[in-house]
Amino acid sequence: MTTVTGAMLAQVVVSGLLAGSLYALVALGLALIFGVMRVINIAHGTLLMLGSYATYWWFTYLGWNPYLSLPAAMGLLFLGGVHDPVDEKPLEKRAPELSSLLLTFGISISLVNLAQLAWTSDLRSVEFLTGSYLLGPVAFSKARLVGFAFALGITVLAFLFLGRTKLGKAIRATAQSREVAMVCGINVGRIHLLTFGVASALAAAGGSLVSVIVAIQPEMGQVWTFKSFLVIVLGGAGNYPGALLGGLLLGLVEQLSSLYLTTQVSEAIAYLLLVVVLLIRPTGLLGGRT
Amino acid sequence: MRSTEGSRLRGLWALLLAAGLLLPLGGSALAQQPIKIGASLSLTGTYAKLGNNQHRGYQLCAKHVNEKGGVLGRKVEFVLYDDRSDPQTGVRLYERLITQDKVDLVMGPYSSAISEAVANVNERYKMPMVAPMAATTAIFKKGRKFIFMVQSPAEVYLEGLIDVAAKRGLKTAAFVYEDTLFPKATVVAPGGSVDLAKKKGIEVVFVEGYPKGNTDFSAILTKIRAANPDVFGAATYFDDAVAITRQMKELNVNPKLYGVTVGGDLPKFYELLGKNAEFVYGATQWESTLPYPGAKEFTEAHHKEFPGADFSYHTAGGYAGCQILVEAVKRAGSLDGEKIRAEILKMDFDSVYGGFKVEEDGFQVSHKMVMFQWQDGKKVIVWPENLAEGKPRFPTPPWGKRE
């Protein structure tokens, strides 16, 4: 249809990477939960939604700069996640993955409905940073650019936390093998809670960044949950750098297929990619557990 | 524990109150059962904003009808469920309303997509359905007998935009649409935007649909920016209208005329976008300033009943749809489906919404569409000329050149 010029391609690649960084940030949380707790957290997108609303209310009633209130949103959801009222121990004994799927599904529905009751389905948004920087023919949306910077920054911090700190190593150890970690003296129960807290904080960060970009409404989290799963399969379950790569890849695939084909098809292409990766390399592009 | 003395007194009061209420009714209490009107509405989900407006229209209509003594000597009462903006859910709910809740009458849901889905249900049970929020022609051309259109059809939603473009000598146009029944019909159906543009000698350089729920329009807008059309029309609902407008600014897309269809007329559109909503054109089936009978009173009554609530033609359409049904029942003198249908087909009725007259298949032929532009935070009707209150601010200045 339309001939694709270099400028158009550049624009779309930029859009893809900017969007992808957010996917990566949010998916990282999901990867952590799955890797450590073997829990399939369907409620992940819902956590993001809560982060968005927190940012919105703080912005509307307290005038807080959404980027400055981001740590607060992360802290809030961290506390929520760490006090995760759900006792997974009985689940871990039998069919952990299936039960956790149903459980988090239920939690997700409850939270979404509570949000609808409390805040109605009215669209909200944080009108903070609009417009873009123009670099030649390529426009960098301001909100997405700042989001990109934060997302990468937080992801890097998360990697440093996982790689360099004792707690981070304990988390990775638990992910590798619960039994051996216990033998090494790691309090696995506490690690699970901590992981859930960290993952919730990452989802909240995503929500905070996204509140300036998209419309906020109670069901906004759904698509983020789906995309996070896509990213994890692409990058490899439990593979944290894989989440980053997968996120950026997903962003690019979506935008490029929208450009060369149509936007309707781009959704299908993303899922097609998922199927292809599962068939050819089920452990994900960077490898991980199945 | 409450004292039994107190609760006995309370019981006595309740009895007296009930007796007091029942006495004046006298006659057969059964005939005073309210007439139940069943409907599903999109109270949550993608269409929530507009579904809730339509809901308030229904509520206000019922209130006014009852204040005037009801219909056939009985009050009316809506039995409403939330279809969550999902056609499949709507179908289930109408089945339930008709077979389990045994409603006497039905009213239509929000959107063409859901109206189309549920049309088969009320057709099967021969319950006439005034479908106030269905503007897709195809719904009414399938040989159905029990569905009636209130809106002007989807195909003419962007007619104002295209007409203004043609009059200003513009040469190229681009259209996008949410890939669902109504927006798609607006653009690509026979007699839709693409056809209208071609008829006026405007070249259509880009047409593309996007999936429902899409939030990232960068690729589409990048392609549009490259195609550089004079006119850009988007057949949208609300969320996407906001997202597209915002992202146009981000990607610096600057057509000389830019209009949306649904959603652009909601006060919330301007609230969310602020100054970025200026110069945007929108299609509307109705504005409170139009000279229709009772329109002003309806608007005032609405603001009194629902202070601060969002208000749009969806509210008025809901209200008028219910008005039309009640009028038809009055004229038929019965709740019989066939009799009501016969009356609806005979009607040449002016509601608060404008003209209502349908053909044998239920297709609307009397109602008129108008186009407005956001100017200084107000919607100014700019087309058609005989109903216009102001002139279009043309051309739309590029994003970089606005204050």
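Predicted model, so just to flag it, every value in this text is computed and none were measured.

Criteria and cut-off values
Residues numbered from 1 in each chain as written. Chains lettered and ligands numbered in written order. Predicted model: local features only at pLDDT ≥ 70, side-chain atom pairs only at ≥ 80, totals over all residues. Helix = DSSP H or I, 4+ residues; strand = E, 2+ residues; numbered from the N terminus. Rg over C-alpha atoms; globule rule 2.2 N^0.38 Å. Buried ≥ 20, exposed ≤ 12 C-beta atoms within 10 Å, placed from the backbone. Pairing = 2+ DSSP bridges. Domains from an automatic or database assignment. Contact = placed C-beta atoms within 7 Å. Nonpolar A, V, L, I, M, F, W, Y, C, P; charged D, E, K, R; others polar. Axes fitted to C-alpha atoms, helices over the stretch in contact; angles between N-to-C directions. Left-handed = near helix turned anticlockwise from the far one by under 90°. pLDDT = per-residue confidence, 0-100.

> So, the overall build of chain A: which residues are in play, and what are the values?
Within chain A one finds 12 helices and 2 strands. Going from the N terminus to the C terminus, chain A shows its helices and strands as α-α-α-α-α-β-β-α-α-α-α-α-α-α. Here chain A has a C-alpha radius of gyration of 19 Å; the compact-globule value for 290 residues is 19 Å, and the two agree. On the principal axes, the C-alpha backbone points of chain A span a range of 60 × 50 × 35 Å. Here chain A holds 290 residues, and the buried ones make up 51% of them.

> Let's hear about the pairing of strand S13 (residues 370-375) of chain B: which residues, and what values?
All names here are of chain B. Across the 6 residues of S13, 5 count as buried, placing the element largely inside the fold. Relative to S13, strand S10 (residues 281-284) runs antiparallel, the two sharing 4 bridges. Bridge assignment links tyrosine 281 to a residue of S13, and that residue is glutamine 373. Relative to strand S14 (residues 378-383), S13 is paired through 5 bridges, and the arrangement is antiparallel. Paired with methionine 371 across the bridge in S14 is tryptophan 383. Between S13 and S14, which follow one another and run antiparallel, lie 2 residues, and aspartate 376 among them has a positive phi close to 50 degrees.

> Got a sec to walk through the domain arrangement of chain B? Specific residues and values, please.
Residue and element names in this part refer to chain B. Assigned domains within chain B: domain 1 (31-152 + 290-356) and domain 2 (155-284 + 369-401). Each of domain 1 and domain 2 has a C-alpha centre, and the two are 29 Å apart. Each side of the interface is counted separately: domain 1 has 18 residues, and domain 2 has 20 residues. Of all elements in the fold, only helix H2 (48-67) and helix H4 (112-124) reach the threshold of two or more residues within the side of domain 1 that touches domain 2. Per-element accounting of the side of domain 1 that touches domain 2 gives the leading share, 3 residues, to H4. Tallied by class, the residues present in the side of domain 1 that touches domain 2 amount to 8 nonpolar, 7 polar and 3 charged.

> Lay out the interface of chain B and chain A with the relevant residues and their values.
The interface is formed by 31 residues belonging to chain B together with 29 residues belonging to chain A. Contributing elements (two or more residues each) for the side of chain B that touches chain A: H2, strand S7 (203-210), helix H8 (218-227) and helix H9 (238-251) of chain B. Broken down by class, the residue content of the side of chain B that touches chain A amounts to 12 nonpolar, 10 polar and 9 charged.

> An account of the packing of helix H10 (residues 221-235) of chain A against helix H11 (residues 240-260) of chain A is requested, with residue identities and associated values reported.
Residue and element names in this part refer to chain A. Across the interface, H10 lies against H11 with an axial gap of 8 Å and an inter-helix angle of 115 degrees. As for the relative orientation of H10 and H11, their crossing is right-handed in sense. Counting all contacts with H10, which are made through Lys227, Leu230, Val231, Ile232, Leu234 and Gly235, the residues of H11 involved are Gly242, Ala243, Leu245, Gly246, Gly247, Leu249 and Leu250.

> Any details on the sheet that holds strand S6 (residues 172-178) of chain B? Residues and values, ideally.
Pairing between the strands of a sheet is mediated by backbone hydrogen bonds and can be parallel or antiparallel. Residues and elements named next belong to chain B. Spatially, S7-S6-S8-S9-S10-S13-S14 is the arrangement adopted by the 7 strands of the open sheet, whose pairing is mixed. A single partner strand is all that each edge strand has here, and the edge strands are S7 and S14. Mean inter-strand twist for the sheet, computed between neighbouring axes without regard to direction, equals 25 degrees. Contacting S6, S7 and strand S8 (231-235), helix H6 (residues 181-188) runs over the sheet at an angle of about 165 degrees to S6.

> Can you break down unusual backbone geometry residue by residue, with the values?
All names here are of chain B. Tryptophan 383 connects to proline 384 through a cis peptide bond whose omega is -5 degrees. With respect to the element layout, proline 384 can be found in the segment after S14. The phi torsion at arginine 84 lies on the positive side, around 55 degrees, for a residue other than glycine. Locating arginine 84 in the fold gives a position in the loop between strand S2 (76-82) and helix H3 (87-99). What makes arginine 84 buried here is the crowd of 21 C-beta atoms within 10 Å. Non-glycine residue lysine 102 carries a positive phi angle of around 50 degrees. Tracing the backbone through its elements, the reader meets lysine 102 in the loop between H3 and strand S3 (105-107). Since 10 C-beta atoms lie within 10 Å of it, lysine 102 is described here as exposed.

> Could you give an account of the sheet that holds S3 of chain B, naming the residues involved and the relevant values?
Residues and elements named next belong to chain B. Strands sit in the order S2-S1-S3-S4-S5 across an open sheet of 5 strands; the sheet is parallel. Two strands lie at the open edges of the sheet, namely S2 and strand S5 (147-149), each paired on one side alone. Between one strand axis and the next, the sheet turns by 25 degrees as a mean value, whatever way the strands run. Alignment of S3 against strand S4 (residues 129-131), held across 2 bridges, turns out to be parallel. The residue of S4 that forms the bridge with methionine 107 is valine 130.

> I'd love a proper account of the environment of alanine 154 of chain B, names of residues and values included.
Residues and elements named next belong to chain B. The topology assignment puts alanine 154 in the loop between S5 and helix H5 (159-167). Between the alpha carbons of alanine 154 and leucine 181 there is a distance of 9.6 Å; along the sequence they are 27 residues apart. Residues in contact with alanine 154, not counting those within four places in the same chain, are Ser112, Ala135, Thr136, Thr137, Phe182, Ala185, Thr186 and Ala189.

> Explain the environment of valine 253 of chain B to me, and be specific about the residues and the numbers.
Residues and elements named next belong to chain B. Position of valine 253 relative to the elements: it lies in the loop between H9 and strand S9 (257-260). On the neighbour-count criterion, valine 253 (26 C-beta atoms within 10 Å) is buried. Spatially, the C-alpha atoms of valine 253 and arginine 225 are 5.4 Å apart, while their sequence positions differ by 28 residues. The contact partners of valine 253, leaving out residues within four places of it in the chain, are Leu221, Ile224, Arg225 and Met248.

> Quick rundown of the packing of H3 of chain B against H4 of chain B? Include the residues and the values.
Residues and elements named next belong to chain B. Running from N to C, H3 and H4 cross one another at 35 degrees; their axes reach a closest spacing of 8 Å. In this structure, H3 crosses over H4, and the sense of that crossing is right-handed. Here Pro87, Gly90, Val91, Tyr94, Glu95 and Ile98 of H3 come into contact with H4, specifically with Ala113, Ile114, Ala117, Val118, Val121 and Asn122. Residues that form the contact of H3 with H4 fall into these classes: 9 nonpolar, 2 polar and 1 charged.

> Lay out the confidence of the model for chain A in plain terms, naming residues and giving numbers.
Put simply, chain A has an average pLDDT of 86, and 93% of its residues get 70 or more. Least confident of the elements in chain A is helix H4 (residues 89-93) of chain A, whose mean pLDDT is 55; most confident is helix H2 (residues 44-62) of chain A, at 93.

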